[in-house]
Number of protein chains: 2
Amino acid sequence: MNTQLECLPCALGSTLRLVRTDIVPPHMRVQLMRRISAFLAEADYSLSPPALGREIHRLIRAELGNPDPYREIKAHFNGLMLDHEAGFRELLTSSSDPFDTAMRLAIGGNVIDFGARYQFDVMETIRGALDVELALDDSPSLREALEAARSLLYIGDNCGEIVMDKLFLGQMAVPERRFVVRGGPIINDVTIGDALAIGIDELAEIVTTGDDSPGVVWENSSEDFRRQFHRADVVISKGQGNFEGLMDVAHPNLYFLLMTKCDLVAASIGTEKGSYVVKKGKSAEDV
Amino acid sequence: MNTQLECLPCALGSTLRLVRTDIVPPHMRVQLMRRISAFLAEADYSLSPPALGREIHRLIRAELGNPDPYREIKAHFNGLMLDHEAGFRELLTSSSDPFDTAMRLAIGGNVIDFGARYQFDVMETIRGALDVELALDDSPSLREALEAARSLLYIGDNCGEIVMDKLFLGQMAVPERRFVVRGGPIINDVTIGDALAIGIDELAEIVTTGDDSPGVVWENSSEDFRRQFHRADVVISKGQGNFEGLMDVAHPNLYFLLMTKCDLVAASIGTEKGSYVVKKGKSAEDV
């Protein structure tokens, strides 16, 4: 998906949300908004939104002289979700369908996104996810694919949400499991340190995209990531940024799990904004 | 009120709404969004939002080579409200308090605003205005001031809404009535042609601000407008743009009637976004 004109006010709004936190010193706020406005005036709109997001956040980090502005926000959400981990585990134990419950928690956790304009009450949304109707539900096919799989690549999205990704991974009896994080700090997306901090390495080998885009951008990803992607029997891709980057990449068993956070992505899937989606990706014959 | 950083994504979003109509030819859409992004990067944020809006829309008109891009939108809303005029008049005839009913219609009509991000269902909002609770209600003081007044300056805002302004004006037995329009086309704001088209000249003398800002900008307004403002016994100012420009200008009997359309203005008034407000302005001793 290319950057749409709709992404421009959205990108400026996302910068504004950062500017209105303590992370940006008051004397730098105007300068940062001017800098990103100027960037948007000249940017290459043929890039996908996560590829554009990479450029914007490289500029923000450079302007701030801060290699990881969202560090505290990430730690906050990881901590919040770890505080609820025992409660979530009880939910799974008492569930008649723990796979479905864990999957719903993992999609509900996708609510935690400091980059998106669409903001939610985190705990309320996650509780609501347990019995919300999925706008698109390819999970029967996902379950079947997982049962036959020897290897799984699970592409993570945001901090906080990864606690639920860990619980969901625990429901999958696939011998070889890999969990993908970003190659460098970008917004509140999960990096190696975050994945280690919540113990995902106990369930999966941690690998990176080799890129600091807020979503997989195929052209910018490492050779190693692309090899892992092609050789995995099943790929699970969490969140809107990864969907925007991978929606046109073929794989026989690629599944997108996300909450739709903007009208454009929702429309491209055929749902409303704020929908819960489990969508099978394109196979080689579709692209 | 100065332009706030919050106004930047909002201004870009407003441009986008125009870009997504047939008014902007497809081949000019990217160019227009780039032009306004570049303008915002360099703009003088000490200007008030309507003063900034003037600069943005001068650029838009120049880029499009179209002196009045919103002409058809204005005609549409004037026509829509004229179609409902007889029904509104019946409401007034059957009302136990026609002044209050007309005032509520006039505030409800302020929903018609193509520039604001906050969009509404027009007819539903206007019907709802009849019994909504006003978040701030200085209308008892307004009525009293009107009863004693010999001259009234009523500053209009948007097309469509002026049909209700006309009905409201009809409830005021002030001998000298003037209705203020913008000095040139700007967004869907009312100009001389619009006021004449709906027959406001039967009730009031039509005068202009002498400026094409989407709201009164004191410094840019004509000498004549400022004289009219100071010599009127009562001034009624419709809408958010006029409020942003006049909130700090003193007058013994200045009343703002508006629906709050953004968080910043709502907060400065002490209400929520989407509130109905009748607010007395500042007197000489307040400023």
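Within each chain, residue numbers correspond to sequence positions counted from 1 in written order. Each chain is given a letter, starting from A, and each ligand a number, starting from 1, according to the order in which they appear as written. The model is predicted, so local features are restricted to residues of pLDDT at least 70 and side-chain atom pairs to those at 80 or more, both for listing and for counting; the totals for chains, interfaces and linings are taken over all residues. With hydrogens and water set aside, each side-chain value is computed from the structure's full complement of heavy atoms.

## Observations concerning the relation of the copies chain B and chain A
Point 1. When the copies are overlaid, the least-squares fit takes in C-alpha atoms only where the residue has pLDDT of at least 70 in both copies. Least-squares fitting of chain B to chain A yields an RMSD of 0.0 Å, with the superposition described by an axial translation of 0.0 Å and a rotation of 180°. Taken together, the rotation angle and the small translation identify this as a two-fold axis. Of the C-alpha atoms belonging to chain B, the one lying closest to the rotation axis is found on B:Pro9, 2.3 Å away.
Point 2. Looking at the interface residues of chain B, 100% of them are also at the interface in chain A, so both copies use one shared face. Should any heavy atoms of two residues lie within 4.5 Å, those residues are considered in contact.

## Thoughts on the environment of B:Gly270
Residue and element names in this part refer to chain B.
Point 1. Here a strand is any run of E in DSSP of at least two residues, a helix any run of H or I of at least four, and the numbering for each starts at the N terminus. Note that Gly270 resides in the loop between helix 13 (263-269) and strand 7 (276-280).
Point 2. Judged by relative accessible area, Gly270 falls into the exposed class, the value being 64%.
Point 3. Placed 169 residues apart in sequence, Gly270 and Thr101 show a C-alpha to C-alpha distance of 24 Å. Exposure is judged per residue with a 1.4 Å probe applied to protein chains only, and the accessible area is read against the type maximum: over 50% gives exposed, under 20% gives buried, and values in between give partly exposed.

## Quick notes on the packing of helix 2 (residues 29-42) of chain A against helix 3 (residues 49-64) of chain A
Residues and elements named next belong to chain A.
Point 1. Each axis is a line fitted through C-alpha atoms, and for a helix only the stretch in contact is used; angles between axes span 0 to 180 degrees, taken between their N-to-C directions. Running from N to C, helix 2 and helix 3 cross one another at 150°; their axes reach a closest spacing of 10 Å. Taken together, the axes of helix 2 and helix 3 are roughly antiparallel relative to one another. Seen from above, helix 2 lies across helix 3 with right-handed handedness. Of the residues in helix 3, those in contact with Gln31, Leu32, Arg35, Ile36, Phe39 and Leu40 of helix 2 are Leu52, Glu55, Ile56, Leu59, Ile60, Glu63 and Leu64.
Point 2. Gly is put with the polar residues, along with every residue not named as nonpolar or charged; the nonpolar set is Ala, Val, Leu, Ile, Met, Phe, Trp, Tyr, Cys and Pro, and the charged set is Asp, Glu, Lys and Arg. Counted by class, the contact of helix 2 with helix 3 contains 9 nonpolar, 1 polar and 3 charged residues. Roughly parallel means an angle under 35 degrees; roughly antiparallel means over 145; roughly perpendicular covers 65 to 115; every other angle is labelled oblique. Definitions for this section: a left-handed crossing has its near helix turned counterclockwise from the far helix by less than a right angle. A right-handed crossing has that turn clockwise.

## Here's the deal with the sheet that holds strand 3 (residues 176-181) of chain A
All names here are of chain A.
Point 1. Paired strands, in this sense, are two strands between which DSSP finds at least two bridges. The strand order across the open sheet built from 7 strands is 1-7-6-5-2-3-4, with neighbouring strands paired in mixed fashion. Among the strands making up the open sheet, the edge pair consists of strand 1 (136-137) and strand 4 (205-208).
Point 2. Pairing of strand 2 (residues 151-155) with strand 3, which is carried by 5 bridges, proceeds in the parallel orientation. What sits directly across from Ser151, in strand 3, is Glu176.
Point 3. Where helix 12 (residues 239-246) meets the sheet, its contacts fall on strand 2, strand 5 (234-238), strand 6 (254-259) and strand 7 (276-280), and the angle it forms with strand 6 comes to roughly 140°.

## Re the interface of chain B and chain A
Point 1. Listed per partner, the contact involves 21 residues of chain B and 21 residues of chain A.
Point 2. When two components associate, each loses some accessible surface as probed by a 1.4 Å sphere; the sum of these losses over both components is called the buried area. Buried area between chain B and chain A, summed over both chains or domains, comes out near 1800 Å², and the portion from carbon and sulfur atoms is 64%.
Point 3. Considering only the surface of chain B that becomes buried against chain A, B:Leu5, B:Pro9 and B:Arg34 emerge as the three largest contributors, covering 31% of it.
Point 4. Here a salt bridge means any side-chain nitrogen of Lys or Arg lying within 4 Å of a carboxyl oxygen belonging to Asp or Glu. Linking chain B with chain A are 2 salt bridges.
Point 5. Between B:Glu6 and A:Arg20 there is a salt bridge, and its shortest N-O distance comes to 2.6 Å.
Point 6. We call two N or O atoms a polar contact when they sit within 3.5 Å, provided that within protein one can donate a hydrogen and the other can accept it, with sequence-adjacent residues counted only if both atoms are side-chain atoms. Viewed at the interface, chain A and chain B are joined by 6 residue pairs in polar contact (both at pLDDT 80 or more).
Point 7. Within the side of chain B that touches chain A, the residues separate by chemical class into 13 nonpolar, 2 polar and 6 charged.

## A word on the domain arrangement of chain A
Residues and elements named next belong to chain A.
Point 1. For the domains described, the bounds stem from an automatic or database domain assignment. In terms of domains, chain A is made up of domain 1 (7-64) and domain 2 (79-286).
Point 2. Taken over C-alpha atoms, the centre of domain 1 sits 26 Å from the centre of domain 2.
Point 3. Across the contact, 15 residues belong to domain 1 and 19 residues belong to domain 2.
Point 4. Interface area, domain 1 with domain 2, both sides summed: about 1200 Å², of which 59% is carbon and sulfur.
Point 5. For the domain 1 face of the interface with domain 2, the top three residues by lost area are Arg17, Pro50 and Arg54, together amounting to 46%.
Point 6. Taken together, the connections running from domain 1 to domain 2 amount to 3 salt bridges.
Point 7. Arg61 serves as the salt-bridge partner of Asp212, at 2.9 Å between the closest nitrogen and oxygen.

## Things to note about the nonpolar core
Point 1. Counting residues in hydrophobic clusters, the biggest one holds 143 residues, and the most contacted among them are A:Phe168, A:Met172, B:Phe168 and B:Met172.
Point 2. Apart from residues lying up to four places away in sequence, A:Met172 is in contact with A:Phe99, A:Leu146, A:Leu152, A:Tyr154, A:Arg177 and A:Ile236. Residues belong to a common nonpolar core when they are buried Ala, Val, Leu, Ile, Met, Phe, Trp, Tyr or Cys residues joined through side-chain atoms within 4.5 Å.

## A short note on the pairing of strand 6 of chain A
Residue and element names in this part refer to chain A.
Point 1. Extensive coverage of strand 6 is indicated by the burial of 6 of its 6 residues.
Point 2. Burial of the side chains of strand 6 extends over both faces: Leu254, Phe256 and Leu258 are buried on one face and Tyr255, Leu257 and Met259 on the other.
Point 3. Here strand 5 pairs with strand 6 via 4 bridges, running parallel. What sits directly across from Lys238, in strand 6, is Leu257.
Point 4. When strand 6 meets strand 7, the two strands line up antiparallel, connected through 5 bridges.

## Some details on the packing of aromatic side chains
Point 1. Aromatic pairing here means that ring centres of Phe, Tyr or Trp (its six-membered ring) are within 6.5 Å. Orientation follows from the plane angle: under 30 degrees is stacked, over 60 is edge-to-face, and everything else is tilted. Taken as a whole and judged by the stated rule, the model has 14 aromatic pairs over all chains.
Point 2. Ring centres of A:Phe225 and A:Phe229 lie 6.2 Å apart, and the angle between their planes is 45°; on these two criteria the pair is classed as tilted. With A:Phe225 and A:Phe229 both in helix 11 (residues 223-231), this residue pair falls 4 residues apart, about one helical turn.
Point 3. Look at A:Phe225 and you get buried, because its relative accessible area is 1%.
Point 4. Accessibility expressed as a relative area gives 0% for A:Phe229, which makes it buried.
Point 5. Working rule: Lys NZ or Arg CZ, within 6 Å of ring centre, within 35 degrees of ring normal, means a charge sits over the ring. Taking NZ or CZ as reference, A:Arg34 lies 3.9 Å from the ring centre of B:Tyr45, over its face.

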